[in-house]
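# Summary of structural features
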Amino acid sequence: MSTTTAEITVAATGSSLQELARRHLWMHFTRMGAYGEDHEIPIIVRGEGCYVWDEHGKRYLDGLSALFCVNIGHGRADVVQAGADQAKELGFFTNWSYAHPRAIELAARVAGYAPGDLNRVFFTSGGSEAVESALKLARQYHKLTGKPTKHKVIAREIAYHGTSLGALSATGITGLRQPFEPLTPGGCHVPNTNTYRLPHGQSESDLVEKIAERIEFEGPDTVAAVILEPVQNAGGCFTPPEGYFQRVREICDEYDVLFISDEVICSWGRLGEWFGAQRYGYQPDVITTAKGLTSAYAPMGAVIVSDRIAEPFMTGTNNFTHGFTFGGHPVCAAIAMANLDVFEDEHILDNVRRGEPLLRETLEGLRDLPIVGDVRGAGYFMAVELVKDKETKESFSHEESETLLRGFLSGELYNRGLICRADDRGDPVVQLSPPLIAGPEQFAEIGEILRSVLDEAGQRMHVHT
Ligand SMILES: Cc1ncc(COP(=O)(O)O)c(C=O)c1O
């Protein structure tokens, strides 16, 4: 086997990768202080299909597609080759005042998959940039169309829309917002669609009306956009109640507010369709996407807007006064094209449609465990909510949640060879989002590991039987 760059670095510095990582690498959203001599940083070195391997050669089932993004699975040399070929032909040129073939072809292809009249594609380098761009676009759109005071955005509580200051103002997770306040003004929040924990006296159909009420409360002349995920990730895969998005469309039309569907996770097959909006049959004005667009073989995102929203930017001396150096990078665009070829040639959407019932059945099969309170989600995007008492739906306290998730579950699931997310940005959940090529073999593995780890977790936490 040839010597890897990592091995050369290790040899040159006399330090192990663990030591180098602890000393120099700043990991995202990571309690770096938790890692020491007796607690290794997980270092993933290789991937193939639904599996990855760590530096010790141990294999893991990637039940999260890395971070909801390696949609076609790991190790696709053909997709990488498309990037290498493009780098030889034109390594980089910008989309600032210039175009190049791959960005043009990809924009046209994305427009072809997008719902209705969503036809104009603005490329970014990732999801936060896409959301940031969509929010700026919404503000400028209203200024161009004679409503300059419309600038606020309505989002849902616990929703994650990214980390840049504008996107963070839409993100509804207190712990992520507080360290950086004051945020960009204008972020307003309404209840999410956690139908497992509906507030007393409310029905599912009441939830969407909170959006209209909030627009009225803020003053319709101040509200630019509503941003919603088809299935909300943070909190644990909240699916929409029947008719929710159709009513959002009506509300947005009534108040002249742009409807942004944040599909950074929910597009490119995650829900069994190209876009989440297609799964739930609604028509947004704007879609934000990233992750699966390239299956994470290169960093890329996009904002896709309708002809109607693009029109004011396309006339006279007007322009969208916004951009990023690497938006539409030709290597990323070539990789996205190759990724979409895999989707077409290997019928990836069909695999998700076929596999969804079995993934659901596998997780539903865990409901006999006392700690499993709810199972929800859509496509290859599902969550199991953990409770202290199934009857009363009592959740864990903050301290108990720490003990459960960080003190046991996250580490134990990883030790048992399953990468998934044990999360408590809402109530404690375990989230699954496997590569879209996964099938019965992987689901059986997921079910087996989850059953034994959740069973032990219940006993450790003295969950009522
Ligand atoms: C719905 C949604 N929006 C935005 C983002 C931010 O994307 P990124 O991490 O690529 O900046 C994410 C990331 O997970 C997301 O799930």
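Residues numbered from 1 in each chain as written. Predicted model: local features only at pLDDT ≥ 70, side-chain atom pairs only at ≥ 80, totals over all residues.

### Some remarks on the overall build of the protein
Of the regular secondary structure elements, the protein holds 16 helices and 15 strands. In terms of overall dimensions, the protein is globule-like: its C-alpha atoms have a radius of gyration of 22 Å, near the 23 Å expected for 465 residues. Relative to all contacts within the protein whose residues are 6 or more apart in sequence, the contacts with residues 24 or more apart total 70%. (Helix = DSSP H or I, 4+ residues; strand = E, 2+ residues; numbered from the N terminus. Rg over C-alpha atoms; globule rule 2.2 N^0.38 Å. Contact = placed C-beta atoms within 7 Å.)

### Quick notes on the sheet that holds strand 13 (residues 418-419)
Read from one edge of the open sheet, four strands run 1-2-3-13, paired in mixed fashion. Each of the sheet's edge strands pairs with one partner strand only, and the pair in question is strand 1 (44-48) and strand 13. Of the pairings in the sheet, the one linking strand 1 to strand 2 (residues 51-54) comprises four bridges and is antiparallel in character. Bridge assignment links glycine 47 to a residue of strand 2, and that residue is valine 52. (Pairing = 2+ DSSP bridges.)

### Comments concerning the nonpolar core
Of all hydrophobic cores here, the largest spans 129 residues; its most connected members are Ala225, Val226, Leu258, Val286, Ile304 and Ile335. At nine residues, helix 13 (residues 330-345) tops the list of elements feeding residues into this core. When residues are assigned to domains, this core turns out to be shared by domain 1 (42-72 + 348-460) and domain 2 (78-345), each giving three or more. Those residues within four positions of alanine 225 in sequence are excluded, and the remaining contacts are Leu135, Ala138, Val153, Val257, Leu258 and Ile260. (Core = buried A, V, L, I, M, F, W, Y, C linked by C-beta atoms within 7 Å. Buried ≥ 20, exposed ≤ 12 C-beta atoms within 10 Å, placed from the backbone. Domains from an automatic or database assignment.)

### Here's the deal with the domain arrangement of the protein
Domains assigned within the protein are domain 1 (42-72 + 348-460) and domain 2 (78-345). Using C-alpha coordinates to define each centre, domain 1 is positioned 26 Å away from domain 2. With five residues, helix 14 (residues 348-364) is the largest single contributor of residues to the side of domain 1 that touches domain 2. Of the residues contributing to the side of domain 1 that touches domain 2, the split by class is 15 nonpolar, five polar and seven charged. (Nonpolar A, V, L, I, M, F, W, Y, C, P; charged D, E, K, R; others polar.)

### Section: the sheet that holds strand 10 (residues 301-306)
Paired through backbone hydrogen bonds, the strands of a sheet run either parallel or antiparallel to each other. In space, the seven strands of this open sheet follow the order 4-10-9-8-7-5-6, with mixed pairing throughout. Of all the strands in the sheet, just strand 4 (118-124) and strand 6 (187-190) have a single pairing partner and so form its edges. When the angles between neighbouring strand axes are averaged without regard to direction, this sheet yields 25 degrees. Sheet topology note: the strand 4/strand 10 ladder contains six bridges and is antiparallel. By the bridge assignment for strand 10, threonine 124 is matched with glycine 301. Running over the sheet, helix 6 (residues 127-144) touches strand 4, strand 5 (152-156), strand 7 (223-228), strand 8 (258-262), strand 9 (286-289) and strand 10 and is turned about 30 degrees from strand 10. (Axes fitted to C-alpha atoms, helices over the stretch in contact; angles between N-to-C directions.)

### Some points on the packing of helix 14 against helix 16 (residues 440-460)
Axis separation between helix 14 and helix 16 bottoms out at 9 Å; the angle between their running directions is 15 degrees. On the basis of their axis angle, the class for helix 14 and helix 16 is roughly parallel. Helix-helix and strand crossings are classified by hand; for helix 14 and helix 16 the assignment is right-handed. Contacts from Leu358, Leu359 and Thr362 in helix 14 reach Pro440, Phe443, Ile446 and Gly447 in helix 16. Residue composition of the contact of helix 14 with helix 16, grouped by class: five nonpolar, two polar and no charged. (Parallel < 35°, antiparallel > 145°, perpendicular 65-115°, else oblique. Left-handed = near helix turned anticlockwise from the far one by under 90°.)

### Details of the site of the ligand
In the vicinity of the ligand lie 13 residues, with Gly126, Gly127, Ser128, Gly162 and Val264 positioned nearest. Ranked by residues supplied to the shell around the ligand, first place goes to helix 6 with three residues. The residue makeup of the shell around the ligand, split by class, is five nonpolar, six polar and two charged. (Near = placed C-beta within 6 Å.)

### What about the environment of glycine 379?
You can see glycine 379 is positioned in the loop between strand 11 (372-378) and strand 12 (381-386). On the basis of neighbour counts, which here come to 25 C-beta atoms within 10 Å, the residue glycine 379 falls in the buried class. For the pair glycine 379 and serine 16, spaced 363 residues apart in the sequence, the C-alpha separation amounts to 40 Å. Contacts of glycine 379, omitting those with residues within four sequence positions, involve Arg270, Leu271, Gly272, Val352 and Glu356.

### Considering the packing of helix 4 (residues 77-89) against helix 13
Two elements in contact, helix 4 and helix 13, have axes separated by 8 Å at closest approach and are oriented at 150 degrees. Between helix 4 and helix 13, the interaxial angle falls into the category roughly antiparallel. For the element pair helix 4 and helix 13, the recorded crossing hand is right-handed. Contacts from Asp78, Val79, Ala82, Gly83, Gln86 and Ala87 in helix 4 reach Pro330, Val331, Ala334, Ile335, Met337, Ala338, Asn339 and Val342 in helix 13. The class makeup of the residues in the contact of helix 4 with helix 13 is ten nonpolar, three polar and one charged.

### Considerations on unusual backbone geometry
A negative phi holds for most residues other than glycine; trans holds for most peptide bonds. In this structure, the amide linkage connecting glutamate 181 to the following residue, proline 182, adopts the cis form with an omega of 5 degrees. With respect to the helices and strands, the residue proline 182 is situated in the loop between helix 8 (174-177) and strand 6. Unusually for a residue other than glycine, histidine 347 sits at a positive phi of about 50 degrees. Its location among the elements puts histidine 347 in the loop between helix 13 and helix 14. What makes histidine 347 exposed here is the crowd of 12 C-beta atoms within 10 Å. The phi angle at histidine 462 is positive, at roughly 55 degrees, despite the residue not being glycine. By the element assignment, histidine 462 lies in the segment after helix 16.

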